[in-house]
Amino acid sequence: MSEKQVLAVDYGASGGRVMLGGFDGASFTISELHRFPNDPVKLGDTMYWDVLRLYFEMKQGIVKSKAYGAISGIGVDTWTGREGCWTIRFTTGMDGQPE
């Protein structure tokens, strides 16, 4: 079995990171590719996540992953205290088609 690699993007209250996970059929590997701060922006009297910056940082992690070969899927996870947990997942099956 050839090694499958996936990216995990984790957005937290104060920072985020992009991790690379791999599985070769017998063992798992995981390594941090990119870490970044999550600094809020203020509009009026309300604080918001800077979603454009967070998107940019996710893309930086994806760019860094190119040095490690093909990526089979990307998972994005975040927690917001008010809205609960939001999870976005995209992956491809063994045949390369989206699941």
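Shown above is the structure to which this text applies.
Draft legend 1. Quick peek at the nonpolar core. Leu7, Val9, Tyr11, Val18, Leu20, Leu33, Phe36, Leu54, Met58 and Val76 together form the largest nonpolar core, which totals 10 residues. Secondary-structure elements contributing two or more residues to this core are strand E1 (4-11), strand E2 (15-23), strand E3 (28-37) and helix H1 (51-65). No other element matches the 3 residues that E1 contributes to this core. The residues touching Tyr11, leaving out its near neighbours within four places in the chain, are Gly16, Phe36, Trp49, Leu54, Tyr55, Met58, Val76, Asp77, Thr78 and Trp79.

Draft legend 2. Fine view of the pattern of salt bridges. One pass over the structure, following the stated rule, counts 3 salt bridges. Its salt-bridge partner being Arg17, residue Asp10 comes within 4.0 Å of it at the nearest N-O pair. For Arg17, a relative accessible area of 30% puts it in the partly exposed group. We note a salt bridge from Arg35 to Glu32, for which the minimum N-O separation is 2.8 Å.

Rules used in this analysis
- Residues numbered from 1 in each chain as written.
- Predicted model: local features only at pLDDT ≥ 70, side-chain atom pairs only at ≥ 80, totals over all residues.
- Heavy atoms only, no water.
- Core = buried A, V, L, I, M, F, W, Y, C linked by side-chain atoms within 4.5 Å.
- Buried < 20%, exposed > 50% of the residue type's maximum accessible area, 1.4 Å probe, protein only.
- Helix = DSSP H or I, 4+ residues; strand = E, 2+ residues; numbered from the N terminus.
- Contact = heavy atoms within 4.5 Å.
- Salt bridge = Lys/Arg side-chain N within 4 Å of Asp/Glu carboxyl O.

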